[in-house]
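# Observations on chain architecture
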Amino acid sequence: MTSYRSLHEGWVVRGGDVEGVAATVPGCVHTDLLAAGVIDDPYLDDNEKKLAWIGRTDWEYATTFHHEPAPGRVDLVCDGLDTVATVTLNGVELGRTANMHRSYRFDARAALRDGENELRVRFESAYRYAEAQRERLGDRPNAYPEPFQFIRKTACNFGWDWGPTLVTAGIWQPIGLHSWAVARLAEVRPRVTVDGSAGTVEVRVRLDRDTPGPVTVAAEIAGERAETTTEGDEAVVTVTVADPQLWWPIGYGQPTRYALDVTLTGADGQRLDAWHRQVGFRSVRVDTTDGAFTLVVNDVPVFVRGVNWIPDDVFADRVTPQRLAARFRQAVDANVNYLRVWGGGRYESEEFYDLADSLGLLVGQDFLFACAAYPEEEPFATELAAEARENVVRLSPHPSLVMWTGNNENIWGHEDWGWKEQLDGRTWGAGFYFDLLPRIVAEADPSRFYWPGSPWSGREDKHPNDPAYGTTHIWDVWNTDDYTRYRAYRPRFVAEFGYQAPPAYATLRRALSDEPLAPDSPGMQAHQKAADGDAKLQRGLDAHLPPPRDFDDWHYLTQLNQARALSLGIEHFRALRPHCMGAIMWQLNDCWPVTSWAAVDGDGRKKPLWYALRRSFAPRLLTVQPRDRVPVLVAVNDSAEPWALSATVSRRTLAGVVEAEETIGATVAPGSATTLPLPAQAGEVLLAEADGQRAWWFSAEDKDIAWPPAKFSATVTEMDDETHVTVTAQTILRDLTLHPDRLDPAAEADEAGVTLLPGESATFRVRGARGLDPAALTSRPVLRCVNDLV
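Residues numbered from 1 in each chain as written. Predicted model: local features only at pLDDT ≥ 70, side-chain atom pairs only at ≥ 80, totals over all residues. Heavy atoms only, no water.

## Thoughts on the overall build of the protein chain
Helices and strands together make up the secondary structure of the protein chain, namely 17 helices and 44 strands. At 28 Å, the protein chain has a C-alpha radius of gyration in line with the 28 Å of a compact globule built from 790 residues. Expressed as a percentage of the 790 residues in the protein chain, the buried residues total 61%. In the protein chain, the share of contacts with a sequence separation of at least 24, taken over all contacts with a separation of at least 6, comes to 68%. Positive and negative charge centroids in the protein chain, built from 79 and 113 side chains respectively, lie 2 Å apart. (Helix = DSSP H or I, 4+ residues; strand = E, 2+ residues; numbered from the N terminus. Rg over C-alpha atoms; globule rule 2.2 N^0.38 Å. Buried < 20%, exposed > 50% of the residue type's maximum accessible area, 1.4 Å probe, protein only. Contact = heavy atoms within 4.5 Å. Lys, Arg positive; Asp, Glu negative; His and termini not counted. Charge placed at Lys NZ, Arg CZ, Asp CG, Glu CD.)

Right, here's the structure in full:
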C-alpha cells in the first residue's frame with residue numbers, strides 16, 4: 001500500500017534574462033544553462049568569474065504531470081532542494097525550505113488535481129538570503145569574504161582555496177510523489193553491536209500515521225526474525241545473531257555485510273511499507289587515554305592511513321556511481337584505509353557509503369561547519385537540529401562510518417584567528433559542537449563516536465590544536481615553513497596536512513587556452529586559489545631542487561616536491577607508531593582543474609603524489625628517518641602477521657659504487673614500528689632494501705648535489721593493451737617519472753618517482769592509449785628526472 005513516483009521529467013528552468021531552458025532533475029542551474037548553450041564551461045579559463053550573476057539570480061523550475069486519484073495520503077517528497085525554495089503545486093504553496101542538507105515532505109492532497117498538475121519550485125538567490133541573515137544577526141568572521149556560514153548550503157560553493165565560486169541552485173536530489181495508507185516507516189535506526197560471539201541488531205522505528213490502529217514491525221537478518229505490534233508511533237525490535245562474521249576494515253579481514261529487512265504490516269496482514277539495508281557487525285571505539293587518539297575496530301588498534309575527501313565536483317549531479325567507484329579504487333590502490341568527509345562539503349551519498357562499506361574503507365564524517373563562526377540563533381538552530389538528526393539516522397546502518405566530527409577548524413579559529421575580538425560576545429557555534437550535536441548523536445546513534453572538532457585536543461585546558469593531544473592540523477608547513485618541519489612534530493593523530501602542486505599537464509591543456517603556459521599566465525592564475533600559492537610553491541623549490549628553466553621544468557619539479565613533502569610527513573608520522581596513530585593527508589581529490597593539494601586532479605588523473613602515497617601508505621613500510629641527526633632504519637608493520645625483516649643497507653657514491661654494505665634484520669610485530677640503528681655511514685647515498693622496497697637517504701638537498709647529467713637507454717614495446725617503456729640507467733636517475741598524458745590525454749603510467757642506480761632498469765607500463773611516439777615517450781618533457789636539469 002505504498003508507492004513512489006519520481007517527478008524528474010519535463011522540467012524547465014527560467015530566471016533573469018533566461019526565458020526558459022530544459023532542466024535536468026536532479027541537477028542544478030549551472031549544468032542546465034551549460035547544456036542549453038547559454039553559458040560557457042565554468043571550469044575553463046576564467047569563465048568562473050563571468051558567471052557570478054547566476055548565484056545572485058532567482059530561478060524557477062517548473063513541470064507538469066498527470067495524476068490519478070488513489071486512496072490514502074500523497075506526499076510530495078523533496079530529497080534535496082538547493083537551497084532557499086518555495087514549492088507550489090497548482091498555485092497552492094506547499095512549503096518553504098532553507099536547507100540544502102536535509103529533505104522535506106509536504107502533504108500534497110489538498111493541492112493535487114485529478115489529471116494534469118503543475119509543480120513549481122522557486123529558488124531565491126542564496127546570496128540575497130545569506131546576506132540578509134548576516135545583516136539581521138550581525139557579521140561573524142570566516143576564512144573567506146563570502147557569507148557561507150549564514151545559509152545551510154555547501155560552503156565551498158562560495159569558493160575555497162582550491163575551489164571556484166559557483167553558487168548553485170536547483171533540485172539537486174530526487175523529487176517525487178509518495179502514496180501511502182494507514183502508516184509508513186518514517187525513521188528506521190538500526191543499532192548493530194557485537195558482544196563476544198553474539199551480534200545484536202536493535203531496530204528503533206518511528207512511524208507516521210494516516211489512520212490509527214495496530215501495526216506490526218518486523219526485522220529479519222541472517223535468518224533470524226523478530227517482530228512487535230504497536231498502536232503507537234514508535235517501536236523497538238531486537239534480533240540476536242549467533243556467531244556473525246565480523247565486518248573488518250581493509251587490510252584486516254573481509255568487510256562482511258548482512259541484509260537487514262524491516263517491514264510494516266497492518267492488522268489485516270497487508271504490507272504497508274518496507275526498508276532494506278546492508279549492515280555489518282563490528283565494534284568501534286576511540287581510545288583517548290592520556291591524549292591519545294587511537295581508532296580501535298573489533299578490539300584491534302588501526303593506524304589510520306587516510307585522505308581528506310571534498311565534493312568530487314562542484315555540480316553534484318555529475319558525481320555518478322561510476323565516478324565514485326573510480327575515485328574509491330584510486331584510494332584503495334594507494335593503500336588508503338580511511339576517508340575523512342570534510343565539513344565544507346556535503347553529507348555524502350548512499351552510493352558513497354555503500355562503496356565504502358563494500359570495500360572496507362573507514363569513514364569519518366564532519367558535520368557541515370567549516371572555517372567560520374556560525375550563528376546559533378533561529379532559524380539555524382532548528383534547521384541544524386533537523387539536518388543533523390536526519391543525516392545521523394540516514395547513515396547509521398553503514399559499518400564504514402566510525403565517527404562524527406562537529407566541525408572543521410572552527411574551535412581552532414575561535415582560539416587563534418582573532419575571532420573572539422570580532423565576535424564581541426556573539427554566538428559562534430560552540431553550542432552546536434559541545435551540546436546539540438553530541439546530544440543528537442548519543443540519542444540517534446549511540447554506537448558512533450563523536451568528537452567536537454577537527455582539530456580538537458579533547459581538553460579545555462589544552463590548546464585545541466595541541467599536537468600532543470587528540471587530533472591536529474599541521475599548516476605551518478606550506479603556509480610558512482618548509483616540509484622538513486614535519487619532523488619537528490610528535491603528534492598523536494594528524495587530521496590534515498598537505499602541500500600543493502599543479503594538475504596533470506593534459507588537465508591543464510584541456511582547461512586552459514594560455515599560450516604559452518606559464519606559472520603566471522592568466523589561466524594558471526585563475527586556477528590558483530591559495531593565498532600566495534605560487535610564492536609558496538617557489539619557496540619549496542628554492543629549498544630543495546635545481547631552478548626550473550621553463551614551464552615544463554616548473555611543472556615536473558612542483559609535482560615532485562609535493563610528492564616528496566607528503567612522503568616525508570607520512571613516513572615520519574608512521575614511524576612514530578604507536579605514539580601517533582593516524583595521518584590523514586589533505587586531500588585525495590579535486591572538484592575542478594586547479595593547482596591544489598590533491599593527489600588526483602579535477603579530471604581524475606593521478607599526480608606523482610598519488611604514487612608516493614602508494615609507497616608511503618604501504619601496509620609494510622621501510623623508511624630511513626633522522627634521529628638526533630643520525631639516520632636510522634624504521635620498519636612499520638600495519639599487517640596482521642609478523643614481518644621477518646632482512647634488509648640490505650649499502651653506502652654508495654652517486655656513480656653507484658658500493659663503499660660499504662651490511663645486512664640487518666628484526667622481527668617486526670603486527671601493528672608496530674621497529675627502529676634499527678644503521679652501521680656507521682657517511683657518503684653520498686644510503687640505500688636500504690628489503691622485500692621489494694627501497695628506502696633512500698641522500699647526503700644533501702638535490703640543489704646542492706653534483707648530479708651527473710642524466711644518461712640512459714630506453715626501449716618502447718607494445719604489449720597487448722599496454723605500452724612498455726623500459727629505461728636502463730647509465731648514470732643515477734633521480735625520481736624518474738613518465739608523463740604519457742602529454743602525448744595522449746587518456747594515457748597513464750603505472751609508476752612515478754623511480755630512482756635508478758647505474759646499470760638498473762625500470763619498466764613503465766602505459767595504459768589507455770596506443771601508437772604513442774617512441775621518441776617522444778623517451779625524452780623530455782615526457783620522461784623526466786631531476787638530473788636531466790644538469
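## Examining helix H14 (residues 533–544)
Relative to the 16 Å expected for twelve residues at 1.5 Å per residue, H14 spans 17 Å between its end C-alpha atoms, a close match to the ideal helical length. Those residues of H14 lying buried are Gly-533, Lys-536, Leu-537, Gly-540, Leu-541 and His-544. Down the axis of H14, the smallest arc covering the buried residues is 140 degrees, so these residues share one side. Looking at the packing, one finds that the buried side of H14 touches helix H11 (476–479) and helix H15 (551–575). (Expected span 1.5 Å × (residues − 1). Arc of directions from axis to C-beta.)

## Focus: the pattern of salt bridges
As enumerated under the stated definition, the model contains 69 salt bridges in all. Between Asp-702 and Arg-734 there is a salt bridge, with the nearest N and O atoms lying 3.8 Å from each other. One end of the pair, Asp-702, is in the loop between strand S37 (693–698) and strand S38 (712–719); the other, Arg-734, is in strand S40 (residues 733–738), with 32 residues separating them in the sequence. Summarising the burial analysis for this pair, Asp-702 and Arg-734 share the class buried. Salt bridges sharing common partners tie together Arg-184, Glu-187, Arg-189, Arg-206, Asp-208, Arg-389 and Glu-443. (Salt bridge = Lys/Arg side-chain N within 4 Å of Asp/Glu carboxyl O.)

## Quick word on H15
The end-to-end C-alpha distance of H15 is 36 Å, a good match for the 36 Å that 25 residues give at a rise of 1.5 Å each. Extensive coverage of H15 is indicated by the burial of 25 of its 25 residues. Where H15 begins, one side-chain oxygen reaches toward the backbone nitrogen of Asp-552, 3.2 Å away; that side chain belongs to Asp-550. (Polar contact = N/O pair within 3.5 Å; in protein donor to acceptor, adjacent residues only side chain to side chain.)

## Remarks on the nonpolar core
Core analysis: the largest hydrophobic core is formed by 152 residues, its most contacted members being Trp-160, Leu-295, Phe-367 and Phe-497. Considering every element that reaches this core, the biggest residue donor is H15, with ten residues. Excluding anything up to four places from it in sequence, Leu-295 contacts Val-284, Arg-285, Val-286, Val-300, Pro-301, Val-302, Val-304, Tyr-338, Leu-362, Val-402 and Met-403. Ranked by size, the runner-up nonpolar core spans 35 residues in total, among them Trp-11, Val-74, Leu-76 and Ala-85. (Core = buried A, V, L, I, M, F, W, Y, C linked by side-chain atoms within 4.5 Å.)

## Structural notes on the environment of Phe-303
Within the secondary structure, Phe-303 is located in the loop between strand S22 (300–302) and strand S23 (304–309). What makes Phe-303 buried here is its relative accessible area of 0%. If sequence neighbours within four positions are ignored, Phe-303 has contacts with Tyr-252, Asn-337, Phe-573, Arg-574, Arg-577, Cys-580, Met-581, Gly-582, Ala-583 and Asp-638.

## Points about the sheet that holds strand S16 (residues 224–230)
One open sheet accounts for four strands, arranged S16-S15-S18-S19; its pairing is antiparallel. Either end of the sheet is taken by a strand with one partner, and the two such strands are S16 and strand S19 (271–279). For this sheet, the mean inter-axis angle between neighbouring strands, taken without regard to orientation, is 15 degrees. Taken together, the seven bridges between strand S15 (residues 215–221) and strand S18 (residues 258–266) define a ladder with antiparallel strand orientation. Each residue of the ladder has a partner; that of Ala-218, found in S18, is Thr-263. (Pairing = 2+ DSSP bridges. Axes fitted to C-alpha atoms, helices over the stretch in contact; angles between N-to-C directions.)

## Some thoughts on the side chain of Thr-558
Secondary-structure assignment places Thr-558 in helix H15. One polar contact links the side chain of Thr-558 to the main-chain carbonyl oxygen of His-555, over a distance of 3.2 Å. Discounting chain neighbours no more than four positions away, the residues touching Thr-558 are Gln-500, Ala-501, Pro-502, Leu-537 and Leu-541.

## Section: the packing of aromatic side chains
Scanning the model with the defined rule gives 43 aromatic pairs in all. Summarising the aromatic geometry, the rings of Trp-160 and Trp-342 are spaced 5.1 Å apart at their centres and angled 80 degrees between planes, so their arrangement reads as edge-to-face. Here Trp-342 lies in the loop between strand S24 (338–341) and helix H6 (350–359) and Trp-160 lies in the loop between helix H4 (126–137) and strand S11 (170–171), a separation of 182 residues in the sequence. For Trp-160, a relative accessible area of 5% puts it in the buried group. Judged by its relative accessible area of 2%, Trp-342 falls in the buried class. Aromatic pair Tyr-483 and Tyr-499: ring centres 5.8 Å apart, planes at 90 degrees, arrangement edge-to-face. With Tyr-483 in the loop between H11 and strand S29 (494–497) and Tyr-499 in the loop between S29 and helix H12 (505–511), this residue pair connects regions lying 16 residues apart in the sequence. The residues Tyr-483 and Tyr-499 share a single accessibility class, namely buried. Taken together through their ring pairs, the aromatic side chains of Tyr-144, Phe-148, Trp-160, Trp-162, Trp-342 and Trp-586 make up a single cluster. Across from the ring centre of Tyr-127, 3.9 Å away, lies the NZ or CZ of Arg-56, which sits over that ring. (Phe/Tyr/Trp six-rings, centres within 6.5 Å; stacked < 30°, edge-to-face > 60°. Lys NZ or Arg CZ within 6 Å of the ring centre and 35° of its normal.)

## A word on the state of the cysteines
Here the structure, examined in full by the defined rule, presents zero disulfides. Lacking any disulfide linkage, Cys-156 is separated from the closest cysteine sulfur, that of Cys-591, by 6.1 Å. You can call Cys-591 buried: its relative accessible area is 3%. (Disulfide = S-S within 2.5 Å.)

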